[in-house]
Amino acid sequence: DLVTELYINLFSRSPEAAGRDYWVSGGGATVSIDRLVLALMDGAGPTDTQTLLNKAEVATYYTNRYVEYSKQDATTVVGMVDSTDTSVQEAKEYVDGI
């Protein structure tokens with residue numbers, strides 16, 4: 001469950017079966033939990049890397065514009081983002097409307 005949750009939070013998608021199996025019972029299963037996020041990020045392909053970059057951009061946008069921090073708003077806005085420019089624009093518009 002942790003691997004799936006991390007994929008969703010980091011890459012806005014569920015892991016493919018082979019990727020999940022690798023991290024749960026394959027060669028990646030020896031990676032300690034505290035290093036798993038870094039390992040997933042280091043192994044990200046182009047689309048997943050773009051998702052991470054987009055999430056960072058939107059998180060910075062939110063941080064630079066909020067008057068009063070709301071964990072719910074921050075979580076929502078970053079959760080809206082995937083690898084597309086459209087998702088970044090929609091998330092920024094959401095921030096502007098808060």
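Note: the structure precedes this text.
From a predicted model like this one, the values you see are computed outputs, not experimental measurements.

What counts as what
Residues numbered from 1 in each chain as written. Predicted model: local features only at pLDDT ≥ 70, side-chain atom pairs only at ≥ 80, totals over all residues. Heavy atoms only, no water. Phe/Tyr/Trp six-rings, centres within 6.5 Å; stacked < 30°, edge-to-face > 60°. Buried < 20%, exposed > 50% of the residue type's maximum accessible area, 1.4 Å probe, protein only. Helix = DSSP H or I, 4+ residues; strand = E, 2+ residues; numbered from the N terminus. Contact = heavy atoms within 4.5 Å. Core = buried A, V, L, I, M, F, W, Y, C linked by side-chain atoms within 4.5 Å. Axes fitted to C-alpha atoms, helices over the stretch in contact; angles between N-to-C directions. Parallel < 35°, antiparallel > 145°, perpendicular 65-115°, else oblique. Left-handed = near helix turned anticlockwise from the far one by under 90°.

A. Quick peek at the packing of aromatic side chains. Tallying each qualifying case throughout the model produces five aromatic pairs. Each ring, one from Tyr22 and one from Trp23, has its centre 4.9 Å from the other, and the planes form 85°; the classification is edge-to-face. Given the relative accessible area of 41%, Tyr22 is considered partly exposed. A centroid spacing of 5.2 Å and a plane angle of 20° characterise the contact between Tyr62 and Tyr66, whose relative ring orientation is stacked. Each residue in the set Tyr62, Tyr66 and Tyr69 is aromatic and connected to the rest through ring pairs, giving one cluster.

B. Looking closely at the environment of Ala44. Within the secondary structure, Ala44 is located in the loop between helix H3 (33-42) and helix H4 (46-65). As a C-alpha pair, Ala44 and Phe11 span 33 residues in sequence and 8.8 Å in three-dimensional space. Setting aside residues up to four positions removed in sequence, Ala44 forms contacts with Phe11, Thr49 and Leu52.

C. Structural detail: the nonpolar core. Core analysis: the biggest nonpolar cluster contains 10 residues, these being Val3, Leu6, Tyr7, Leu10, Phe11, Trp23, Leu36, Leu40, Ala44 and Leu52. Within the residue set of this core, elements represented by two or more residues are helix H1 (2-11) and H3. With five residues, the single largest contributor to this core is H1. By size, the runner-up hydrophobic cluster in this structure holds nine residues, among which are Tyr62, Ala74, Val81 and Val88.

D. Representation of the packing of H1 against helix H2 (residues 17-25) in the model. Relative orientation of the contacting elements H1 and H2 amounts to 130°, with a least axis distance of 9 Å. By the angle between their axes, H1 is oblique relative to H2. With respect to the hand of their crossing, H1 and H2 are arranged in right-handed fashion. On H2, the residues that touch Val3, Thr4 and Tyr7 of H1 are Gly19, Arg20, Trp23 and Val24.

So yeah, pure geometry; function would need other evidence.
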